[in-house]
Amino acid sequence: MKKISPVSRSGRFTGGPAVDVAQFTESISFDHRLWRHDILGSMAHTHMLHKIGVLTKKECVAIVKGFDAIGREITAGKFKWKPELEDVHMNIEAELTRRVPAGAKLHTGRSRNDQVALDVRLWLRDEITLLLGEIANLQRALVSLGEKNADVLIPGYTHLQRAQPVYLAHHLLAYVEMLERDCERLWDCRCRVNVCPLGSGAIAGSTLPLDRALVAKLLGFVDVDGKVQLTQNSMDAVSDRDFAVEFCAAGALLAVHLSRLAEDVILWAGAEFNFIKIADAYTTGSSLMPQKKNPDVAELARGKTGRVFGNLMSLLTLLKGLPMTYNRDLQEDKERLFDTADTVRATTSLMAAMLNNTKVNKPACAAAASDPALLATDLADYLVKKGMPFRQAHHVIGAVVALAEKSGKLLHQLTLAELQTVDKIFGCDALGVFNLKTAMAKRNLTGAPGTKEVAKQLARWRKELSS
Ligand code: ARG
């Protein structure tokens, strides 16, 4: 069997690993995407090694230039990744050393264990920033759709049964609130991602006088007050993947919210609701039924939730039985983490684009919202204002609803005389309750779907999201 020999086997080994072992253990096929952050981390380490006298100025300059050139080649797609060099760290270091002999000093005081922890943290920090930007975009799309249809009322649902009228904007703003909590969770997760593990070595730091704070500063591992953030235990630093689990958990909850929004969009786009029309570019056709226009973007947003949940479960399972400290099992974290980041970012972005290309069918919404049964609770409140205990009012209105049903009328078509057959308390102002406009003007508690309150919330979000 042909043997190949990665750099990590020098000295102790008589030969390279078997071909199938090399194939089984490689990670370059997926971790190559860490290259930019691997180079960034190595450059900071290079500067630090120069500062503590391990590298001369000339060596330091040559290494940095070498990294620049390699980075440009990777960007241009001209760099040749070698699977026999196992991973992104080995590929880049080996090529650097081939070009710049001083590259052989680069790994001083460093192990791939702290290097990979560093790279993943740097990568994830950028990923979170990008994701936060996409979430804000989706929030803006929801607010815009609400603003463009500020006067549109729809039935609000519980148990998927018509409950009470709400402004469409109020329904959309519910998602803006959920997404805001997702942002808070991601920001919070980012604080724990943003801690520098470099200098932890393989497990036990180094006997060399490494300047960990310098590396951390160069790489932006500082908190909001500018205080340097360093991991405080070398064993924890090389085996910790909590930060990846946290991101996948926050991502899973974001996926839940996206999936619920997708479900509403799917329902609303169907003929039964007919509240919205998604632009052709964001729908797909059927291969058999020529009339079909399907909301596949929303369906996939809902469907992709499964893999995002799965990624979280994989990571938790991966970690649960690991003895301290680094074990090769940890290499399995990356594909799951990458998949969650890619999936939630793409889904968030597509949902925003779809909503920006969605029109509201105002007549269909108005027809649905004009169902007087939606104001049955308002009629109970009317009785409460006349002094009746709510439990009794609830019962009386129930009887009114039954009467309407029996006489084949809608609630607001009952006459005052008919209402009074149920209870004498009804006055001539009772039927005024069914004026939707005044009904909406009355719901002005904080967080309620009242005319003024919804306008206020839309304005608040517009301002909040403009910065
Ligand atoms: N490719 C490895 C990973 O992703 C890098 C660290 C390897 N360390 C080691 N001791 N083999 O985890």
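Residues numbered from 1 in each chain as written. Predicted model: local features only at pLDDT ≥ 70, side-chain atom pairs only at ≥ 80, totals over all residues. Heavy atoms only, no water.

Enquirer: With reference to specific residues and values, describe the overall build of the chain.
Expert: Looking only at helices and strands, one finds 19 helices and four strands in the chain. Taking 2.2 N^0.38 as the reference for a compact globule, 467 residues should give roughly 23 Å; the C-alpha atoms of the chain span a radius of gyration of 31 Å, well beyond that estimate. Judged by the C-alpha coordinates and their principal axes, the chain covers about 100 × 55 × 40 Å. For the chain, with 467 residues in total, the buried portion stands at 47%. Across the chain, contacts joining residues at least 24 apart in sequence account for 71% of those joining residues at least 6 apart. Taken as a whole, the chain presents about 23100 Å² of accessible surface, with 57% of it coming from carbon and sulfur. The centroid of the 60 positive side-chain charges in the chain is displaced by 3 Å from the centroid of its 52 negative side-chain charges. (Helix = DSSP H or I, 4+ residues; strand = E, 2+ residues; numbered from the N terminus. Rg over C-alpha atoms; globule rule 2.2 N^0.38 Å. Buried < 20%, exposed > 50% of the residue type's maximum accessible area, 1.4 Å probe, protein only. Contact = heavy atoms within 4.5 Å. Areas by Shrake-Rupley, 256 points an atom, 1.4 Å probe, with all protein chains shown as cover. Lys, Arg positive; Asp, Glu negative; His and termini not counted. Charge placed at Lys NZ, Arg CZ, Asp CG, Glu CD.)

Enquirer: So, unusual backbone geometry: which residues are in play, and what are the values?
Expert: Between M324 and T325 the backbone carries a cis peptide bond, its omega angle lying at 0 degrees. With respect to the helices and strands, the residue T325 is situated in the loop between α12 (305-320) and α13 (333-356). The residue E86 is not glycine, and still its phi comes out positive at about 70 degrees. According to the relative accessible area criterion, E86 is buried, its value standing at 12%. The backbone of L160 sits at a positive phi, close to 60 degrees, despite the residue not being glycine. Position of L160 among the secondary structure elements: in the loop between β1 (153-158) and β2 (161-167).

Enquirer: An account of the side chain of Q457 is needed here, citing residue identities and associated values.
Expert: Structurally, Q457 is set in helix α19 (residues 451-466). Here R460 takes part through its side chain, which lies 3.0 Å from a polar atom of the side chain of Q457. The residues contacting Q457, other than those within four sequence positions of it, are L173, E177 and G447. (Polar contact = N/O pair within 3.5 Å; in protein donor to acceptor, adjacent residues only side chain to side chain.)

Enquirer: For the packing of helix α3 (residues 35-51) against helix α6 (residues 112-148), give the residues involved together with the corresponding values.
Expert: Two elements in contact, α3 and α6, have axes separated by 9 Å at closest approach and are oriented at 120 degrees. What the angle tells us is that α3 and α6 run oblique. With respect to the hand of their crossing, α3 and α6 are arranged in right-handed fashion. Residues H37, D38, G41 and S42 of α3 touch α6, and the partners they reach there are Q115, L118, D119, L122, W123 and D126. Residue classes in the contact of α3 with α6 are distributed as three nonpolar, four polar and three charged. (Axes fitted to C-alpha atoms, helices over the stretch in contact; angles between N-to-C directions. Parallel < 35°, antiparallel > 145°, perpendicular 65-115°, else oblique. Left-handed = near helix turned anticlockwise from the far one by under 90°. Nonpolar A, V, L, I, M, F, W, Y, C, P; charged D, E, K, R; others polar.)

Enquirer: Outline the nonpolar core, listing residues and values.
Expert: Ranked by size, the top nonpolar core spans 123 residues in total, and within it L138, L142, F247 and F426 carry the most contacts. Excluding its chain neighbours within four sequence positions, the residues that come into contact with F426 are L379, Y382, L383, V396, I397, V400, L416, L419 and Q420. (Core = buried A, V, L, I, M, F, W, Y, C linked by side-chain atoms within 4.5 Å.)

Enquirer: An account of the packing of helix α11 (residues 296-303) against α13 is needed here, citing residue identities and associated values.
Expert: Remark: α11 packs on α13, axes separated minimally by 10 Å, with the N-to-C direction vectors making an angle of 155 degrees. Judged by the angle between their axes, α11 and α13 are roughly antiparallel. Seen along the crossing, α11 lies across α13 with a hand that is left-handed. Of the residues in α13, those touching α11 at V297, A298 and A301 are T347, L350, M351 and M354. Class assignment for the residues of the contact of α11 with α13 results in six nonpolar, one polar and no charged.

Enquirer: Tell me about the pattern of salt bridges, and name the residues and values.
Expert: Where charged atoms from two side chains of opposite charge approach closely, those side chains can pair. This structure, assessed with the given rule, holds 26 salt bridges. One salt-bridge network, in which partners are shared between bridges, spans E73, E95, R98 and R99. (Salt bridge = Lys/Arg side-chain N within 4 Å of Asp/Glu carboxyl O.)

Enquirer: Now, about the site of the ligand: what can you tell me, with residues and values included?
Expert: Taken together, S27, D87, H89, R112, N113, V116, Y326, R328, Q331 and K334 form the complete shell of residues around the ligand. Between the ligand and the protein, one listed contact pairs a nitrogen atom with a side-chain N or O atom of S27 at 3.3 Å. Separating a nitrogen atom of the ligand from a side-chain N or O atom of D87 is a distance of 3.1 Å. Protein chains shield 86% of the accessible area of the ligand, which is 340 Å² for the free molecule. Ranked by residues supplied to the shell around the ligand, first place goes to α6 with three residues. Counted by class, the shell around the ligand contains two nonpolar, four polar and four charged residues. (Near = heavy atom within 4 Å.)

Enquirer: Requested: an account of a nonpolar patch on the surface, with residues and values cited.
Expert: Taken together, the side chains of I203, M235 and M324 present a nonpolar region at the surface, about 270 Å² in accessible area. Looking at the secondary structure, you find M324 in the loop between α12 and α13. Owing to a relative accessible area of 55%, M324 belongs among the exposed residues under this scheme. (Patch = residues over 30% accessible without salt bridge, like charges linked within 9 Å, V, L, I, M, F, W, Y side chains within 5 Å.)

Enquirer: Account for helix α5 (residues 88-99), with residues named and values stated.
Expert: Its twelve residues place the ends of α5 17 Å apart at the C-alpha level, agreeing with the 16 Å of an ideal helix rising 1.5 Å per residue. Taken together, the buried positions of α5 are occupied by V88, H89, M90, N91, I92, E93, E95 and L96. Buried residues in α5 make contact with α2 (28-31), α3, α4 (57-75) and α6. Taking the backbone nitrogen of H89 as reference, a side-chain oxygen 3.3 Å away marks D87 as the first, capping residue of α5. (Expected span 1.5 Å × (residues − 1).)

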